[in-house]
Amino acid sequence: DPSAILAAAVIAQQSGEAALATDLLLGLSTRGELGAVLRMKVLNNLGNLYLESRPEAALEAFGEALLLAREASALHAPFIEANIAMAHLGAGRLPEALAAFDRAEAGQVQLTGVGMVGEYHAEVAAVFGRIRLLAEARAAAAQALAGLPAQGGSLMRADALVTAARLAVADGDPAAALTALTEARALYLAQGRPAGSAIAELEILALQPDPEPASVATQADAL
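Please read all numbers here as calculations on a predicted model, not as lab measurements. Within any chain, residue numbers begin from 1 and follow the written order of that chain's sequence. Given that the model is predicted, a residue must reach a pLDDT of at least 70 before its local features are reported, and side-chain atom pairs must reach 80 or more before they are shown or counted; all residues, however, enter totals for whole chains, interfaces and linings. Note that the side-chain values use all heavy atoms of the structure and ignore hydrogens as well as water.

Visitor: Can you help me understand the layout of surface pockets in this one?
Guide: In this approach the atoms are scanned with a rolling probe the size of a water molecule, which exposes any empty space left behind. Two kinds of site are reported from a 1 Å grid over the protein atoms alone, namely cavities, where a 1.4 Å probe fits but cannot get out, and pockets, open sets with protein on both sides within 12 Å along at least five of seven lines, and residues are called lining when an atom falls within 4 Å of a point. Grid points are joined across faces, edges and corners, and a volume is the space filled by probe spheres set on the points. Here the largest pocket is characterised by a volume of approximately 400 Å³. In terms of lining residues, the largest pocket is bounded by 16 residues, among which Asn 48, Phe 79, Ala 82, Asn 83 and Tyr 120 are the most central. Counting residues per element, the ones that place at least two in the lining of the largest pocket are α3 (36-50), α5 (77-90) and α7 (118-130). For this classification, Asp, Glu, Lys and Arg are treated as charged, while Ala, Val, Leu, Ile, Met, Phe, Trp, Tyr, Cys and Pro are nonpolar and the rest, including Gly, are polar. Counted by class, the lining of the largest pocket contains nine nonpolar, five polar and two charged residues. Each helix is a run of DSSP H or I of at least 4 residues and each strand a run of E of at least 2, with the numbering of both proceeding from the N terminus.

Visitor: Would you explain the nonpolar core in this entry?
Guide: In terms of nonpolar packing, the biggest core is built from 65 residues, with Leu 25, Phe 62, Ile 80, Ile 84, Phe 101, Tyr 120 and Phe 128 touching the most fellow members. We call two residues in contact when some of their heavy atoms are within 4.5 Å. Not counting chain neighbours up to four residues away, the residues in contact with Phe 128 comprise Leu 89, Leu 98, Phe 101, Leu 133, Glu 136 and Ala 137. Side-chain atoms within 4.5 Å are what join buried Ala, Val, Leu, Ile, Met, Phe, Trp, Tyr and Cys residues into a set we call a nonpolar core. Categorising residues by exposure relies on relative accessible area from a 1.4 Å probe, with only protein chains included: less than 20% of the type maximum marks a residue as buried, more than 50% marks it as exposed, and the intermediate range marks it as partly exposed.

Visitor: It is not clear to me how the environment of Glu 81 should be interpreted in this structure. Could you clarify?
Guide: Mapping Glu 81 onto the fold places it in helix α5. A relative accessible area of 6% places Glu 81 in the buried class. The sequence separation of Glu 81 and Glu 105 amounts to 24 residues, and the corresponding C-alpha distance is 8.9 Å. The contact partners of Glu 81, leaving out residues within four places of it in the chain, are Leu 66, Arg 70, Ala 100, Arg 103 and Ala 104.

Visitor: Looking at this structure, how should I read the packing of helix α9 (residues 155-170) against helix α10 (residues 174-190)?
Guide: How two helices pack is summed up by the angle between their axes together with the distance between the axes. Angles shown run from 0 to 180 degrees and are taken between the N-to-C directions of axes, each axis being a line fitted to C-alpha atoms and, for helices, limited to the stretch in contact. It is at 8 Å that the axes of α9 and α10 come closest, and there the two elements cross at 160°. The orientation of α9 relative to α10 falls into the category roughly antiparallel. α10 is crossed by α9, and the crossing has left-handed handedness. Between α9, through Arg 157, Ala 158, Asp 159, Leu 161, Val 162, Ala 165, Ala 168 and Val 169, and α10, the contact on the second element is made entirely by Ala 176, Ala 177, Ala 180, Leu 181, Glu 183, Ala 184, Leu 187 and Tyr 188. Of the residues in the contact of α9 with α10, the class split is 13 nonpolar, no polar and three charged. Orientation is classified from the angle alone, with under 35 degrees giving roughly parallel, over 145 giving roughly antiparallel, 65 to 115 giving roughly perpendicular, and any other angle giving oblique. By convention, the crossing between two helices is left-handed when the near helix turns anticlockwise from the far helix through less than a right angle, and right-handed when the turn is clockwise.

Visitor: Sorry if this is basic, but what is going on with the side chain of Asn 44 here?
Guide: Looking at the element boundaries, Asn 44 is found in helix α3. Every residue in contact with Asn 44, bar those within four places of it in the chain, is listed here: Phe 62, Ala 65, Ile 80 and Asn 83.

Visitor: So what exactly am I meant to see when it comes to α7 here?
Guide: Residues that lie three or four places apart on an α-helix share one face, since the helix turns once every 3.6 residues. Taking 1.5 Å of rise per residue, the 13 residues of α7 would be expected to cover 18 Å, and the 19 Å separating its terminal C-alpha atoms lies within 8% of that figure. All of the buried residues along α7 are Gly 118, Tyr 120, His 121, Ala 122, Val 124, Ala 125, Val 127, Phe 128 and Gly 129. Buried residues along α7 sit against α5, α6 (94-112), α8 (134-147) and α9. Given a helix with a known number of residues, its expected span is that number minus one, times 1.5 Å.

Visitor: Where do I start with unusual backbone geometry in this structure?
Guide: A negative phi angle is the norm for most residues apart from glycine, just as the trans form is the norm for most peptide bonds. Its identity as a non-glycine residue notwithstanding, Arg 132 has a phi of 65°, on the positive side. For Arg 132, the position within the fold is in the loop between α7 and α8. Assessed through its relative accessible area of 55%, Arg 132 is described here as exposed.

As structure tokens, this is what we get:
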């Protein structure tokens, strides 16, 4: 059953078996009886597997998936546009990547009346940070935090705060970093996540000009 094979490919990818996942998806992509939505999902997953090593092949797969999404599943289109942006980044085409991110956001607003979810902006912030687009990265991090509730035990908010803090440090803004890390530490503690709280503590210590070695060692041991 094609749906079962797609599910198996997702499990294989999540388990680190990228070659197996690719083989399963390529096999599915050649089958003529797939409906438009299922074929779209196959191509989108295949593009994700190609992102790191074959950005041009990823763009081709995402492009086909986007056409199918526009035809049969419009709600998926903004997220495929975001994947297209990631593929352009991988290929070193920053203007095209930024344009695709803009299309993704505009498409989501047009469909739902609100922007992309906070988790999406947190991922975008991390990607922009890696390629040193710090202004864009910090803007995306701010959008992520705006979309992730401070109340309600949001697990993602604490992680997004750490990302925002690291970007602030890279951008020469230690005060903003300390504010974000202080909130992140409190959230991690409230959520019973000792690894997260140790990360936040270590990041706070790193902001000090001469952190106390024993404190660093304590947090490192906890982590």
